[in-house]
Amino acid sequence: MDLFDDVPAPLPDGLPPPAGPLPDIVAPGLDCLFVGFNPGLRSGALGHHYAGRGNQFWRLLYESGLTPRLYRPEEDVTLPAIGLGSTNLVARATASAAELSRAELRGGVPRLARIVGFVRPRVLAYTGKGVYLAATGLPDAPWGVQQHGLFDGVADVVVPSPSGLARLPFEEKLHWFREVREEIGRRR
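Residues numbered from 1 in each chain as written. Predicted model: local features only at pLDDT ≥ 70, side-chain atom pairs only at ≥ 80, totals over all residues. Heavy atoms only, no water.

The protein chain is annotated in an unreviewed UniProt entry as Mismatch-specific DNA-glycosylase of Azospirillum lipoferum.

Structure, rendered in structure tokens:
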């Protein structure tokens, strides 16, 4: 065991510190940064993104071709090595995103802007329409690539929530995750 295993690594200049139970999984030059509402209770307790038992995020990444194999939530910190990252609008863990206020969600946008400024991803993939609408303040948006990005030079793609609570069939969710892969390819 290394003497410094429990000492957090210093944050790169320009990256805001984590504000809750999950670290931001980021590095400069990502192909895609996934943006969620907030961690679920299980993710918050385990300290890993998309760790809920019914969450389909990892399977969607693999089956869409975004990852070379099926990853486990505990491997979230390795995503930047393959050009992917993850963050949330709100840091606190809740049982449901319905517990978050509109003001709390919009309050996460300045922090997201700082992260995007540091990372400069090609694509921001919002994991749910509600996440995108909360971030942009728009009243509605279609699935897929958006006409205008929230941040200059970064494409916004809205994908269905990977939560097992989201009632869309897996194949429909998969279609939109494949759209993320295609948009990354167009921007390379």
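There is more to say, and it comes next.
S.K.: Mind showing me how you'd approach the side chain of Glu75 here?
M.R.: Turning to its location among the elements, Glu75 is positioned in the loop between helix H2 (57-63) and strand E2 (84-88). Classification of Glu75 by relative accessible area gives buried; the value is 13%. A distance of 2.8 Å separates a polar side-chain atom of Glu75 from the backbone nitrogen of Arg72. Ignoring sequence-local partners within four residues, the contact set of Glu75 consists of Arg69 and Leu70. (Helix = DSSP H or I, 4+ residues; strand = E, 2+ residues; numbered from the N terminus. Buried < 20%, exposed > 50% of the residue type's maximum accessible area, 1.4 Å probe, protein only. Polar contact = N/O pair within 3.5 Å; in protein donor to acceptor, adjacent residues only side chain to side chain. Contact = heavy atoms within 4.5 Å.)

S.K.: Can you walk me through the nonpolar core in this structure?
M.R.: A general tendency of soluble globular proteins is for nonpolar side chains to be buried together. Ranked by internal contacts, the top residues of the largest apolar core, which has 25 residues, are Val35, Leu89, Leu112, Leu124, Tyr126 and Phe151. Taken together, the elements giving at least two residues each to this core come down to strand E1 (32-36), helix H4 (109-119), strand E3 (123-127) and helix H5 (129-136). Setting aside residues up to four positions removed in sequence, Leu112 forms contacts with Val35, Thr87, Leu89, Tyr126 and Phe151. Within the second largest apolar cluster, 23 residues are counted, among which are Phe57, Leu60, Tyr71 and Ala155. (Core = buried A, V, L, I, M, F, W, Y, C linked by side-chain atoms within 4.5 Å.)

S.K.: Mind showing me how you'd approach H5 here?
M.R.: Each α-helix turn comprises 3.6 residues. Residues three or four places apart therefore point the same way. Across the eight residues of H5, six count as buried, placing the element largely inside the fold. When we look at burial in H5, the residues that qualify are Val131, Tyr132, Leu133, Ala134, Ala135 and Thr136. The secondary structure elements touched by the buried residues of H5 are E1, helix H3 (102-106), H4, E3 and strand E5 (155-159). Looking at the residues trailing H5, positive phi occurs at Gly137, about 80°.

S.K.: Explanation requested: the pattern of salt bridges in the structure shown.
M.R.: Side-chain pairs of opposite charge can arise whenever the charged atoms involved come near each other. As enumerated under the stated definition, the model contains 11 salt bridges in all. The salt bridge involving Arg186 is made with Glu179; its shortest N-O contact spans 3.2 Å. The exposure class assigned to Glu179 is buried, which follows from its relative accessible area of 17%. Taking the shortest distance from any N to any O, the salt bridge between Arg186 and Glu183 comes out at 2.7 Å. Here Glu183 and Arg186 lie together in helix H6 (residues 170-187), a separation of three residues that amounts to about one turn. Judged by its relative accessible area of 7%, Glu183 is buried. A single salt-bridge network, built from bridges that share partners, covers Arg69, Arg72, Glu74 and Glu75. (Salt bridge = Lys/Arg side-chain N within 4 Å of Asp/Glu carboxyl O.)

S.K.: Even after reading the chapter, I still don't get the sheet that holds E2, so can you show me in this structure?
M.R.: One key point about sheets: their strands pair by backbone hydrogen bonds, in either a parallel or an antiparallel sense. One open sheet holds the five strands; their spatial order is E2-E1-E3-E5-E4, and the pairing between them is mixed. Only two strands of the sheet have a single partner each, and these edge strands are E2 and strand E4 (144-145). Here E3 pairs with E5 via five bridges, running parallel. Paired with Leu124 across the strands is Asp156, a residue of E5. (Pairing = 2+ DSSP bridges.)

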